[in-house]
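Listed below, chain by chain, are the residues.
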Amino acid sequence: MSLPAHLSLILDLSPVPWTALSHSTPPLSLRAFLAQALVFLNAHLALRNENSVSVFGALPGRSVGLYPPPGRGHGHGRRQAGGEEEGSGGGDENTFHVFGQADEGLMSRVEEEVAGLEEVEEDTPPALVGALTKSLCYINRLSNPPPPLNPTNAAPAPPHARIVLFSVSQDASMAYIPFMNCIFSAQKLKVPIDVCKLDDSEVIFLHQASHLTGGAFVHIDQREALLQYLSMCFLSETETRKTLAVPTQDKVDFRAACFCHKEIVDIGYVCSVCLSIFCTPVAQCSTCHTKFSPDTLLRFGGSATNGHSNGTTA
Ligand SMILES: [Zn+2]
Ligand SMILES: [Zn+2]
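- The name given to the protein in an unreviewed UniProt entry is General transcription and DNA repair factor IIH subunit TFB4, with the source organism recorded as Calocera cornea HHB12733.
- Reading the Sequence similarities (unreviewed entry) entry of the UniProt record for the protein gives the comment "Belongs to the TFB4 family."
- Under Subunit (unreviewed entry), UniProt gives the following word-for-word description of the protein: "Component of the 7-subunit TFIIH core complex composed of XPB/SSL2, XPD/RAD3, SSL1, TFB1, TFB2, TFB4 and TFB5, which is active in NER. The core complex associates with the 3-subunit CTD-kinase module TFIIK composed of CCL1, KIN28 and TFB3 to form the 10-subunit holoenzyme (holo-TFIIH) active in transcription."

**Focus on the coordination of the zinc ion (ligand 1)**
Okay, step 1: Distances from the zinc ion (ligand 1) to its protein donors, namely C258 (SG), C260 (SG), H261 (ND1) and C279 (SG), fall within the range 2.0 to 2.4 Å.
Okay, step 2: One way to put it: the four donor atoms around the zinc ion (ligand 1) meet at angles of 95 to 131°, and that makes the site tetrahedral.
Okay, step 3: Along the chain, the residues donating to the zinc ion (ligand 1) fall in the pattern C-x1-C-H-x17-C. On the criterion of sequence distance, the pair formed by C260 in the loop between β7 (256-257) and β8 (264-265) and C279 in the loop between β10 (277-278) and α8 (294-299) is long-range, its members being 19 residues apart.
Okay, step 4: Given the relative accessible area of 13%, C260 is considered buried.

**Points about unusual backbone geometry**
Okay, step 1: Geometrically, the link from T25 to P26 is a cis peptide bond, its omega value of -10° lying close to zero.
Okay, step 2: Look at the link from Y67 to P68: it is a cis peptide, with omega at -5°.
Okay, step 3: If you trace the backbone, P68 turns up in the loop between β3 (62-67) and α3 (97-115).
Okay, step 4: The backbone of K190 shows a phi angle near 60°, a positive value even though the residue is not glycine.
Okay, step 5: As for its placement among the helices and strands, K190 is situated in the loop between α5 (176-189) and β5 (193-197).
Okay, step 6: Backbone geometry places H289, a non-glycine residue, at a positive phi of 60°.
Okay, step 7: With respect to the element layout, H289 can be found in the loop between β10 and α8.

**Here we look at the packing of aromatic side chains**
Okay, step 1: Scanning the model with the defined rule gives six aromatic pairs in all.
Okay, step 2: Ring plane angle 70° and centroid distance 5.0 Å describe the contact between F33 and F166, whose orientation is recorded as edge-to-face. Here F33, found in helix α2 (residues 30-47), pairs with F166, found in strand β4 (residues 160-167); they are 133 residues apart in sequence, far enough to count as distant.
Okay, step 3: By relative accessible area, which is 1% here, F33 ends up buried.
Okay, step 4: Where Y269 meets F300, the ring centres are 5.5 Å apart and the plane angle is 70°; that geometry is what we call edge-to-face. Taken as a pair, Y269 in strand β9 (residues 269-270) and F300 in the loop between α8 and α9 (304-313) lie far apart in primary sequence, 31 residues in all.
Okay, step 5: Given a relative accessible area of 27%, Y269 falls into the partly exposed group.
Okay, step 6: Of the aromatic side chains, those joined through ring pairs into one cluster are W18, F33 and F166.
Okay, step 7: It is R299 that lies over the ring of F300; its NZ or CZ is 5.5 Å from the centre.

**Some remarks on the environment of D200**
Okay, step 1: In this structure, D200 sits in the loop between β5 and α6 (204-213).
Okay, step 2: D200 sits 32 residues away from V168 along the chain, and the two C-alpha atoms are 8.0 Å apart.
Okay, step 3: Among all residues touching D200, those that are not within four sequence positions of it are H219 and R223.

**Brief notes about the coordination of the zinc ion (ligand 2)**
Okay, step 1: Within the first shell, the zinc ion (ligand 2) binds the protein through C271 (SG), C274 (SG), C285 (SG) and C288 (SG), at distances of 2.2 to 2.3 Å.
Okay, step 2: Coordination geometry of the zinc ion (ligand 2): the four donor atoms subtend angles of 105 to 113° at the metal centre, consistent with an arrangement described as tetrahedral.
Okay, step 3: Taken in sequence order, the residues that donate to the zinc ion (ligand 2) follow the motif C-x2-C-x10-C-x2-C. Taken as a pair, C274 in the loop between β9 and β10 and C288 in the loop between β10 and α8 lie far apart in primary sequence, 14 residues in all.

**What about the pairing of β4?**
Two faces make up the sheet, and in a regular strand the side chains alternate between them.
Okay, step 1: The buried fraction of β4 is high, at seven of eight residues.
Okay, step 2: In this sheet, β5 lies alongside β4 in parallel orientation, the contact comprising five bridges. Bridge pairing in β5 links S167 to K197.

What counts, and where the lines are drawn
- Residues numbered from 1 in each chain as written.
- Chains lettered and ligands numbered in written order.
- Predicted model: local features only at pLDDT ≥ 70, side-chain atom pairs only at ≥ 80, totals over all residues.
- Heavy atoms only, no water.
- UniProt positions renumbered as here; feature names shortened; annotations may be inferred.
- Donors = N, O, S within 2.8 Å, 3.2 Å for Na, K, Ca; no water.
- Tetrahedral: all angles 85-135°; square planar, octahedral: opposite > 155°, others 65-115°.
- Helix = DSSP H or I, 4+ residues; strand = E, 2+ residues; numbered from the N terminus.
- Buried < 20%, exposed > 50% of the residue type's maximum accessible area, 1.4 Å probe, protein only.
- Phe/Tyr/Trp six-rings, centres within 6.5 Å; stacked < 30°, edge-to-face > 60°.
- Lys NZ or Arg CZ within 6 Å of the ring centre and 35° of its normal.
- Contact = heavy atoms within 4.5 Å.
- Pairing = 2+ DSSP bridges.

In structure tokens, the structure reads:
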């Protein structure tokens, strides 16, 4: 029997690219995007009674959990097997209550968070790493449920989880190392990271994230057909994907960012002990403090003094 599925959405909520997108042709406003994302979420919930969702937002400089609402415990966002979730009173009687909760809860939370953004500097990159980390922690908690209170009951099976990341801005190379750590954690948890790219900016690290975790990468060319892309490319769960051709990138850019200046490098120097990457030869690794022999430095064209200052100021 297949397991239930958990879908975790990560929304890039940077206000500047969203304003640009809402004035591009064809336009895609944040509100129109959210409406389509909600249909996608509801489609996932409708596939199976035990399916669950979580949504995290990456705002400039900070990340927030948008759904399930804080303080509702990790069983929320997930319907209880064989019964209705409690506390679902109110709302439109013609709407399935789980859809209604997700719709209202998410819309109001996003509006609240975006409205509180006014003082933020425009060029602050979105905290994608923070949102990704929160999402992975949430998935890790779902994967390790506490033992049931009554030992005769079987523990509920942990769901198959996947992450869909909606990106509207370019990579922040400053965040290379924590971002790679997130990818490794996702690999360990066997969580594919799907990337849905809504604008045309360059995202090397997101290519790597989807490639290394076995997720899909889709650049939305026709924004007016967003919902169709979402349901065709991202709705299938991890088990079903084994028999489907999920869209990926033909070419993946595997360049890394140097640890000293956090810039993407074509050719770098790698510490033989801890595999840290540097753009110039250094006398001492800034991560593990291994000292390299002056002969080796000279062979690579670096000087011991120059290299040393590079290594320690990093
Ligand atoms: Zn560097
Ligand atoms: Zn090292």
